[in-house]
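Reading the structure
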Amino acid sequence: MKRIPGLLLVVIGLFLIGSSCSYSLKLSGASIPVNMKTIRVEFFENNAQLVVNNLSTNFTEALKTRIRNTTKLAVVQGEADAIMSGAITDYSIAPVSINATANNVAPIAGASRLTITIKVKYENLLEKGKKDNDSFEESFTKYQDFSGDINTQEQTLIAAINKQLTEDIFNKAFANW
């Protein structure tokens, strides 16, 4: 008989906990307003001092792909519920470690770092003017270290950095952590 009240308390406790907590769990981790159906991703121009020909196109398409593959949002050209725009503001290669040399020869880079910075403006037009609007304007920077000649690995490094950048931008716009 003593077990029944204890078991009853456990069941009631679980019921109260389960009914008082309400949340939405999504596989993508995205928290997109229910009424948002479309987004326009504008072309990200390369305004960096060092210009790589296909960087703008590769980044813009990587961002569109990230949105298409993890949300139900339609990426459109015209009017949209949200707009993502911006520019590539930095593309730089700098040494991160130096190897000493002998006989008065200039030191050489043992490893280098490719850094890309993107300035992004995200506008949630459905919530324009609201106090808790999730729109933002922010710069995102990511880098990859490498050794050897940049020319043989540049596109692979760019792809890896684009993946990191699009992940950070997506999370800022759509994930409420």
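See the structure above.
Below or above, wherever it landed, is the structure these notes cover.

1. Considerations on the packing of aromatic side chains
- In total, this model carries 5 aromatic pairs according to the counting rule given.
- Between the aromatic rings of Y122 and F136, the centroid separation amounts to 5.6 Å while the plane-to-plane angle is 35°, which identifies the pairing as tilted. A residue pair is termed long-range when its members are at least 10 positions apart, and Y122 in strand 5 (residues 108-124) and F136 in strand 6 (residues 136-146) qualify at 14 residues. The exposure classification of Y122 matches that of F136, with both residues buried.
- The interplanar angle of 70° and the centroid separation of 6.2 Å between the aromatic rings of F136 and F140 together place this pair among those described as edge-to-face.
- Looking at F136, the relative accessible area reads 10%, which means it is buried.
- Judged by relative accessible area, F140 falls into the buried class, the value being 7%.

2. Here we look at the packing of helix 2 (residues 55-70) against helix 3 (residues 154-174)
- Put simply, helix 2 and helix 3 touch, their axes get as near as 9 Å, and they point 45° apart. For the element pair helix 2 / helix 3, the angle class is oblique. Considering only the axes of helix 2 and helix 3, their crossing is right-handed. Two secondary-structure elements touch here, helix 2 through L55, N58, F59, A62, L63, R66, I67 and T70 and helix 3 through Q155, I158, N162, L165, T166, E167, I169, F170, N171 and F174.

3. Considering the environment of A48
- In this fold, A48 is placed in the loop between strand 2 (45-46) and helix 2.
- With relative accessibility at 7%, the residue A48 sits in the buried group.
- Along the primary structure A48 and Y91 are separated by 43 residues, whereas in three dimensions their C-alpha atoms are 5.7 Å apart.
- Filtering out sequence-adjacent residues up to four positions away, A48 remains in contact with I88, T89, D90 and Y91.

Calculation criteria
Residues numbered from 1 in each chain as written. Predicted model: local features only at pLDDT ≥ 70, side-chain atom pairs only at ≥ 80, totals over all residues. Heavy atoms only, no water. Phe/Tyr/Trp six-rings, centres within 6.5 Å; stacked < 30°, edge-to-face > 60°. Helix = DSSP H or I, 4+ residues; strand = E, 2+ residues; numbered from the N terminus. Buried < 20%, exposed > 50% of the residue type's maximum accessible area, 1.4 Å probe, protein only. Axes fitted to C-alpha atoms, helices over the stretch in contact; angles between N-to-C directions. Parallel < 35°, antiparallel > 145°, perpendicular 65-115°, else oblique. Left-handed = near helix turned anticlockwise from the far one by under 90°. Contact = heavy atoms within 4.5 Å.

Treat this as a map of the structure, not an account of what it does.
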